[in-house]
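# Observations on the model geometry
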Amino acid sequence: MKRRDFLKKAGIGAASAAAAAAGVAGLVGCAKEEEKKVEKAVEKAPAVVAKKTYKWKMVTTWPPKLPVLQEGCERLAKRVNEMSDGRLTIDVFAGGELVPPLESFQAVSDGTVEAGSGASYYWAGKEPATQWFAAVPFGMNAQGMAAWFHGGDGLKLWEETYAPFNLIPRPGGSTGVQMGGWFNKRINTIDDYKGLKMRIPGLGGKVVAKAGGTVVLLPGGEIFTSLERGVIDATEWVGPLHDLRMGFYQAAKYYYYPGWHEPGTYLEYFFNKTAYEGLPRDLQHILDAACMELEQWALTQFDAQNGAALQTLINEHKVEVVKFPDEVLDALRVMALEVVQEEAAKSPMAKKVSESFANFQKVVGTWGSVSEAAYYNFIQPKLSLKG
Ligand code: CA
């Protein structure tokens, strides 16, 4: 390296630079002395500029190794580590490893840990408004939700909803439209829901109950056996990728679509507000950028892998994929509107969020019906692998 460059890069003071420049002019001995001083300054420099590192913990609501969901949290931690050159590290704990899955919201709110991940409808008991940021029956799909968060006031309202809990939320990506579920009885009319025993949580479950069904709550590990033994007649889960892993095709005859109850379920990251605000600005930006990267990543994984898994279910396992009749969807939608109104009336925040959501869905959905939907409806039947 040339002396001039060396001096410049070492970032030494003007006085030393001037003295060294004099050395260049001919006072070779003097210059060597200066160079030694500079080298010493360079040796010391890293200690002076070394930046503080932050070690965080993240608790999730997901089982260990759950594809895309838990996988995404681990990927987020990896990306934040890479982008920050190790200045912000996040140790990720699956549900139950550090705190029970459904206590992660409280643990991050209390500051026991700095970060969490789940789906915001799990926290309906804390504040009913949280449900609109995850999934609303007959609500927006993934594209509409993303537009509401980043192009409308969805994320602003989400932040407002989480602020009283000292939390900062970030959208974590969407599952896309889920599947309607696995049924051992055909659903030909809305009356077929009467007496139907179904595992379906959240607002969708409230709609099924309105239709006369019996909603059964079961932990993930008990669903397959309950379906197989006839304890339940039907269950929903996620989509082909996760449903295939659960083996439901061995226990139910019909695989219904579309998942009207979860048309674009959004996942979330959330951070303790004090911890987040305690980060230097650049690390806050890195965290936000990594969340947006993962938001995009999650939907691409669901779409790509659900597509492949659906082919496996149809071609290898000969699953009968059935669409809910339009009359059934119409009837369910009327009940869903009632359920959504009842939830919206539960808190001022829920009312505010519900109105924003409904208004946004009308506008963005009208655009979607002449763009994405119209194009898909035209082209896809010509390419379909379903035969
Ligand atoms: Ca589901």
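This text gives an overview of the structure that appears in the document. Model, not experiment: these values are computed from the prediction. (Residues numbered from 1 in each chain as written. Predicted model: local features only at pLDDT ≥ 70, side-chain atom pairs only at ≥ 80, totals over all residues. Heavy atoms only, no water.)

## Some thoughts on the sheet that holds strand β1 (residues 54-60)
Reading across the sheet, the 5 strands line up as β2-β1-β3-β10-β4 and stay open at both edges, with mixed pairing between neighbours. Because the sheet does not close on itself, it has two edges, and the strands there are β2 (88-93) and β4 (167-174). Ignoring which end each strand starts from, the neighbouring axes of this sheet average 25° apart. Bridging between β4 and strand β10 (residues 266-272) involves 7 bridges; their strand directions are antiparallel. Across the sheet, residue L167 finds its bridge partner in β10, namely N272. Across the sheet, helix α7 (residues 154-162) lies against β4 and β10, angled at about 135° from β4, the strand it touches most. On top of the sheet, helix α12 (residues 281-315) reaches β1, β2, β4 and β10; it is set at about 30° to β4, its chief contact. (Pairing = 2+ DSSP bridges. Helix = DSSP H or I, 4+ residues; strand = E, 2+ residues; numbered from the N terminus. Axes fitted to C-alpha atoms, helices over the stretch in contact; angles between N-to-C directions. Contact = heavy atoms within 4.5 Å.)

## So, unusual backbone geometry
Cis geometry marks the peptide bond from Y257 to P258; its omega dihedral reads -5°. Take P258: it is sitting in the loop between β9 (254-257) and β10. Phi at D85 takes a positive value of approximately 55°, unusual for a residue other than glycine. Assessed through its relative accessible area of 71%, D85 is described here as exposed. Residues other than glycine seldom take positive phi values, yet N166 does so here, at roughly 55°. By relative accessible area, which is 27% here, N166 ends up partly exposed. (Buried < 20%, exposed > 50% of the residue type's maximum accessible area, 1.4 Å probe, protein only.)

## A look at the pairing of strand β3 (residues 115-118)
Both faces of β3 are covered, namely the face carrying A115 and S117 and the face carrying G116 and G118. Of the pairings in the sheet, the one linking β1 to β3 comprises 3 bridges and is parallel in character. Paired with V59 across the two strands is G116, which belongs to β3.

## Looking at the sheet that holds strand β11 (residues 320-323)
Spatial ordering of the open sheet is given by β7-β6-β8-β5-β9-β11, a layout of 6 strands whose pairing is mixed. A single partner strand is all that each edge strand has here, and the edge strands are β7 (214-215) and β11. One ladder, built from 2 bridges, connects strand β6 (residues 197-199) with β7; its direction is parallel. Within β7, the position partnered with M198 by the bridge is V215.

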